Amino acid sequence: MIKYVDEYRDGEVARHIAKRIATDVRPERTYRFMEFCGGHTHAIFRYGLSDLLPPAIRLIHGPGCPVCVLPIGRVDGAIALSKQAIVATYADMMRVPGSNAMSLFRARAEGADVRMVYSATDALQIARENPEKEVVFFAIGFETTTPPTALAIRQAKIENLSNFSVYCNHVLTPPALRGILDSGAELDGVIGPSHVSAVIGIGPYDFVSEKYGKPIVISGFEPLDVMQSILMLVEQVNSGRAEVENEYSRAVEGNGNARAQMLMEEVFELRDAFEWRGLGWMERSARKISAGYSEYDAEIRFGLITSSASDHKACECGEILRGIKSPKDCKVFGKACTPENPLGSCMVSSEGACAAYYSYGRYK
Amino acid sequence: MCLAIPARIVALLEKSRALVELGGVRKEISVELLEEAQVGDYVIVHVGYALSKLDEEEAMKTIALFSEMDGE
Ligand code: SF4
């Protein structure tokens, strides 16, 4: 038995929670809940949770997959950098298609030095080992991957590692959720990303209940966590409450991780606006490297100008990320577009809605 | 890249690094983002960094909540 895992995967208990949800739902209505985070999308498909739930519960996949929301222009930016420097990045970023079906993977096949890393510290190590070359860490992710990037930048400064820089694409969860709610998505509640809350705490979601009058439950990633969170949402909806609740109290403290927050404050500042795939330009929704560390900003060092580029014509990732369409609405899903040969970003990472649909065969 | 499962710290190493066991596999990670870490702690690991510790008491409470569902 793996502690903190097996206890949260018991199929018998899952069915009990499902039964309780089925008794609680009111026959005259539907409950539309968005799971913001791709980790939840993955869990829902992997464990077939939709099959356990009564039809009144509609799960809508959200934009919480960092690979999926990065617009093509930023992928093109990384490919451009790979012509001038060693580019280090997380494995998922290798296959994301940029313009003209180009990807970092293809750039590497054509001779660029692109390396997959597990962690930002590995990118630092590449810089130490290649002092005569420029090394750029192509950093992406929400608040969970941001503090590690901050540590790497700070460490580079301590070591005076002048050949290291970061192409920063870190984005923020709360503005994206606000963007979704503003876009008029019809939602009755939100399954909130919890590892993000392990960093930023729970307070940043107060607006969901206060301004938009929607319930949100910060949920763990095991199947029973997701089921329990859905039950908590149903109960809130039924009693007319709209609160921020924490199902994942074993890993998330109300205030989050103060040390990680301080680091992010020190090394980054908010961008005025950032373009997201599907959600468009959103104000104060992403971070850039702060003035005190600007010598490590690859965009400044290489004078990189990111331009907007359009997605593959057939790709519906944009609508899928806004919760308006589902992967099965895409004509090329599973045909021209597969995880081996993705046309859009939602098919790349296992947290992407298209990849999850595809891998777990729940599209038939 | 964001999927994470709980890992158990099996040894503390130099420079805020630690050896963890994660589903039977051992891996070196950083505990620099934690206030403090001890052997035996369970942590949530993302891209090579422990982001938070798991609280046993809270974990028990959640499990108890699940079993309240039993027989209802
Ligand atoms: S199946 Fe492929 S092309 Fe279609 S929406 Fe998904 S990622 Fe885009």
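Remember, it's a predicted structure, so these values are computed and weren't measured experimentally.

About the thresholds
- Residues numbered from 1 in each chain as written.
- Chains lettered and ligands numbered in written order.
- Predicted model: local features only at pLDDT ≥ 70, side-chain atom pairs only at ≥ 80, totals over all residues.
- Heavy atoms only, no water.
- Helix = DSSP H or I, 4+ residues; strand = E, 2+ residues; numbered from the N terminus.
- Rg over C-alpha atoms; globule rule 2.2 N^0.38 Å.
- Buried < 20%, exposed > 50% of the residue type's maximum accessible area, 1.4 Å probe, protein only.
- Contact = heavy atoms within 4.5 Å.
- Areas by Shrake-Rupley, 256 points an atom, 1.4 Å probe, with all protein chains shown as cover.
- Axes fitted to C-alpha atoms, helices over the stretch in contact; angles between N-to-C directions.
- Parallel < 35°, antiparallel > 145°, perpendicular 65-115°, else oblique.
- Left-handed = near helix turned anticlockwise from the far one by under 90°.
- Nonpolar A, V, L, I, M, F, W, Y, C, P; charged D, E, K, R; others polar.
- Near = heavy atom within 4 Å.
- Polar contact = N/O pair within 3.5 Å; in protein donor to acceptor, adjacent residues only side chain to side chain.
- Pairing = 2+ DSSP bridges.
- Buried area = accessible area lost by both parts, 1.4 Å probe.
- Salt bridge = Lys/Arg side-chain N within 4 Å of Asp/Glu carboxyl O.

Trainee: Outline the overall build of chain A, supporting the account with residue identities and numerical values.
Mentor: Along chain A, the regular secondary structure elements total 16 helices and 13 strands. The globule rule puts the C-alpha radius of gyration for 364 residues at 21 Å, and the 21 Å found for chain A is close to it. Viewed in the frame of its principal axes, chain A has a C-alpha envelope of about 65 × 45 × 45 Å. Put simply, chain A has 364 residues, and 60% of those count as buried. At a minimum sequence separation of 6, the contacts of chain A that also span at least 24 residues come to 76%. Accessible area for chain A stands at about 13,900 Å²; split by element, carbon and sulfur atoms hold 49% of it.

Trainee: Give me the lowdown on the packing of helix α7 (residues 120-129) of chain A against helix α8 (residues 146-159) of chain A, citing residues and values where you can.
Mentor: Residue and element names in this part refer to chain A. Where α7 contacts α8, the axes come no closer than 8 Å and their chain directions differ by 25°. If you check the angle between α7 and α8, you find them roughly parallel. Seen from above, α7 lies across α8 with right-handed handedness. Side by side, α7 and α8 meet where A120, L124 and R128 of the first sit next to P148, T149, A152, Q155, A156 and E159 of the second. Residues that form the contact of α7 with α8 fall into these classes: five nonpolar, two polar and two charged.

Trainee: Hey, could you go over unusual backbone geometry for me, with residue numbers and the actual values?
Mentor: Note: most residues except glycine have negative phi, and most peptide bonds are trans. Positive phi outside glycine occurs at A:R284, with the angle close to 45°. One can find A:R284 in the loop between β12 (280-283) and β13 (287-289). A positive phi is found at B:V47, a non-glycine position, where the angle reads about 35°. Inspection of the secondary structure assignment puts B:V47 in the loop between β4 (42-46) and β5 (49-53).

Trainee: Pulling in residues and values, what's your account of the site of the ligand?
Mentor: The environment of the ligand is formed by A:C315, A:E316, A:C317, A:I320, A:C330, A:V332, A:F333, A:C337, A:G344, A:C346, A:M347 and A:C354. Its residues assigned to classes, the shell around the ligand shows 10 nonpolar, one polar and one charged.

Trainee: Residue-level account of the side chain of A:T145, with values.
Mentor: All names here are of chain A. Its location among the elements puts T145 in the loop between β5 (135-141) and α8. The class of T145 is buried, set by a relative accessible area of 0%. Here I140 takes part through its backbone oxygen, which lies 2.9 Å from a polar atom of the side chain of T145.

Trainee: Quick one: what's the story with the sheet that holds strand β1 (residues 31-37) of chain A, residue by residue and with numbers?
Mentor: Residue and element names in this part refer to chain A. On the basis of which strands lie adjacent, the open sheet formed by five strands has the order β2-β1-β7-β8-β9 and parallel pairing. Each of the sheet's edge strands pairs with one partner strand only, and the pair in question is β2 (57-64) and β9 (244-246). Ignoring which end each strand starts from, the neighbouring axes of this sheet average 25° apart. The sheet contact formed by strand β7 (residues 189-193) and strand β8 (residues 216-219) spans four bridges and is parallel. What sits directly across from I191, in β8, is V217. Relative to β1, helix α2 (residues 38-46) is tilted by about 120°, and along the sheet it contacts β1, β2, β7 and β8. Strand contacts of helix α9 (residues 173-182): β1, β2, β7 and β8, with the helix running at about 150° to β1, the strand carrying the most contacts.

Trainee: Lay out the interface of chain B and chain A in plain terms, naming residues and giving numbers.
Mentor: The partner chain A presents 47 residues to the 36 residues of chain B that form the contact. Between chain B and chain A, a total of about 3,800 Å² is buried, with carbon and sulfur atoms accounting for 63% of that surface. Linking chain B with chain A are two salt bridges. The interface formed by chain B and chain A includes 11 residue pairs in polar contact (both at pLDDT 80 or more). Elements supplying a minimum of two residues to the side of chain B that touches chain A: β4, β5 and α1 (56-67) of chain B. Each residue belonging to the side of chain B that touches chain A can be placed in one class, and the counts come to 20 nonpolar, six polar and 10 charged.

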